[in-house]
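# Structure at a glance
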Amino acid sequence: MSTVHNPLLRRHYLQAMGISVWQRRSLPDTDVPAPGGGSEPAPAVIPHSREADVWNALQDAVRGCTRCGLHATRRQTVFGVGHPRAQWMFIGEAPGADEDAQGEPFVGRAGQLLNAMLFAIGLKREDVYIANVLKCRPPGNRDPQPEETTQCEPYLIRQIELIKPRLIVALGRHAAHSLLKTDLPLARLRGQTLSYQGIPLVVTYHPAYLLRTLTDKRKAWDDLCRARRLLETATAPNLMTGRTSEASRDSVTARGPRTRVPGVPPITPPIGENA
Ligand code: SF4
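Small disclaimer: the values here were computed from a predicted structure and weren't measured.

What counts and what doesn't
Residues numbered from 1 in each chain as written. Predicted model: local features only at pLDDT ≥ 70, side-chain atom pairs only at ≥ 80, totals over all residues. Helix = DSSP H or I, 4+ residues; strand = E, 2+ residues; numbered from the N terminus. Buried ≥ 20, exposed ≤ 12 C-beta atoms within 10 Å, placed from the backbone. Contact = placed C-beta atoms within 7 Å. Pairing = 2+ DSSP bridges. Core = buried A, V, L, I, M, F, W, Y, C linked by C-beta atoms within 7 Å. Expected span 1.5 Å × (residues − 1). pLDDT = per-residue confidence, 0-100. Bend = angle between axes of the 7 residues up to and from the residue.

## Side note on the overall build of the protein
Helix and strand content of the protein: ten helices and six strands. Of all 275 residues assigned to the protein, the portion counted as buried reaches 36%. In the protein, the proportion of contacts linking residues at least 24 apart, taken out of those at least 6 apart, comes to 74%.

Pasting the structure below:
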């Protein structure tokens, strides 16, 4: 039995989030979905060589980036990590000290809590994609500056275009503001059905905030459960058309404008997508 389907481990992670676990006596604990979030597991990664080239070029562009002042103080860039065809994409604001040291987003205590949150809804870290709006650490973990976000967000937009996630979870106020181009408080954004370029988007708390504010873990759990329901709705076929809203979204996204990052060639849509 995989760890994801192990009810004891799942209960352990829920408890790590501060969530009380209630279990029906008469039903087995079989409601944990397959890794990847939908009814189907994430597809196997057989990267098209062209697509792999684009990913490599994008990663190289970030690694050598000097578009904002943060390049001068970073130890290394923090590109992103996870499945390149992930259904779920989690987006935070910027690397912290641990991320700057290790070159990977959401490591350290906040990363462990994010892993627990993922596990609690039946996901594994390697099945999702995790990134930040900024790819370099702001000194002293200060808030991102608008100019830094403006300069850096083309990289994130390109990542989203390549992954084509079925759902985006914005972790914290800064990520939500950057993606949604709003300055509404987090409390107003949580609990709403939002979208980024046609992709359902859920706003929840940043794990680092939850480490300081244990009482809001329950709300984060509610957000993740709502996100899962949104994803399941997106992948359910329309009884009239036989198409999923996901299929419709793909065709719209494929025809939409693509973000150019200097030095990174655009992907040519697969044959048929431009029809
Ligand atoms: S934060 Fe982004 S824009 Fe600024 S130097 Fe790093 S990669 Fe470049």
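## What to know about the pairing of strand E4 (residues 167–171)
Across a regular strand the side chains alternate sides, sitting on one face of the sheet and then on the other. Of all five residues in E4, five are buried; the element is thus mostly enclosed. The alternating pattern of E4 places Leu-167, Val-169 and Leu-171 and Ile-168 and Ala-170 on opposite faces, both of which are buried. In this sheet, E4 lies alongside strand E2 (residues 88–92) in parallel orientation, the contact comprising four bridges. Paired with Ile-91 across the two strands is Ala-170, which belongs to E4. Strand direction decides the pairing type here: E4 and strand E6 (residues 199–204), joined by four bridges, are parallel. Among the inter-strand pairings, Val-169 is bridged to a residue of E6, identified as Val-202.

## Structural notes on the sheet that holds strand E5 (residues 194–196)
Strand order in the open sheet formed by six strands is E1-E3-E2-E4-E6-E5, with mixed pairing between adjacent strands. With one partner strand each, in any of the chains shown, strand E1 (81–82) and E5 form the two edges of the open sheet.

## A short note on the environment of Leu-211
Along the chain, the position of Leu-211 falls in helix H8 (residues 207–212). Through-space distance from the C-alpha of Leu-211 to that of Ala-110 is 7.1 Å; in sequence the pair is 101 residues apart. Among all residues touching Leu-211, those that are not within four sequence positions of it are Arg-109, Ala-110 and Leu-113.

## Structural notes on the nonpolar core
Within the largest apolar cluster, 54 residues are counted, with the highest numbers of intra-cluster contacts made by Met-89, Phe-90, Ile-91, Val-128, Val-169 and Ala-170. Tallying contributions element by element places helix H4 (residues 108–120) first for this core, with seven residues. Excluding residues that lie within four positions of it along the chain, Val-169 makes contacts with Trp-88, Phe-90, Val-202, Thr-204 and Ala-227.

## Side note on H4
Taking 1.5 Å per residue, 13 residues should reach 18 Å; H4 reaches 18 Å between its end C-alpha atoms and fits that length. Burial in H4 covers these residues: Ala-110, Gly-111, Leu-113, Leu-114, Met-117, Leu-118, Phe-119 and Ala-120. One or two positions beyond H4, positive phi appears at Gly-122, with a value near 85°.

## Concerning the confidence of the model for the protein
Mean pLDDT over the protein works out to 79, with 67% of the residues at or above the 70 mark. The model gives residues 24–47 a pLDDT under 50, and that stretch makes 41 contacts with residues more than four places away or in other chains. Confidence over residues 262–275 falls short of pLDDT 50; this stretch has 19 contacts with residues more than four positions distant or in other chains.

## Regarding the environment of Ala-176
The residue Ala-176 is located in helix H6 (residues 173–180) in this model. For the pair formed by Ala-176 and Arg-190, sequence separation is 14 residues and the distance between their alpha carbons is 9.7 Å.

## Topic: helix H5 (residues 146–163)
In a regular helix each residue adds 1.5 Å, so 18 residues correspond to 26 Å; H5 covers 25 Å between its end C-alpha atoms and thus fits that length. The sharpest bend along H5 reaches about 40° and sits at Cys-152, with the proline Pro-154 one to four residues further on. For H5, the set of buried residues is Glu-148, Thr-149, Cys-152, Tyr-155, Leu-156, Arg-158, Gln-159, Ile-160 and Ile-163. Looking one or two places after H5, you find Lys-164, whose phi comes out positive at around 50°.

## A word on unusual backbone geometry
With a phi close to 60°, Asn-141 is a non-glycine residue in the positive phi region. As for its placement among the helices and strands, Asn-141 is situated in the loop between strand E3 (129–132) and H5. Backbone geometry at Lys-181 places phi at a positive 50°, although glycine is not the residue there. Inspection of the secondary structure assignment puts Lys-181 in the loop between H6 and helix H7 (186–189). On the basis of neighbour counts, which here come to 8 C-beta atoms within 10 Å, the residue Lys-181 falls in the exposed class.

## Notes on the environment of Thr-66
With respect to the helices, strands and loops of the structure, Thr-66 is situated in the loop between helix H2 (49–63) and E1. Its 10 C-beta neighbours within 10 Å are what place Thr-66 among the exposed residues. When the C-alpha atoms of Thr-66 and Cys-152 are compared, they prove to be 9.9 Å apart, with 86 residues separating the residues in sequence.

## Structural notes on the pairing of E3
Of the two faces of E3, the one lined by Tyr-129 and Ala-131 and the one lined by Ile-130 and Asn-132 are each fully buried. Note: E1 against E3, two bridges, orientation antiparallel. Paired with Gly-82 across the two strands is Tyr-129, which belongs to E3. Examined bridge by bridge, E2 and E3 share four bridges and lie parallel to one another. Bridged to Gly-92 within E3 is Asn-132.

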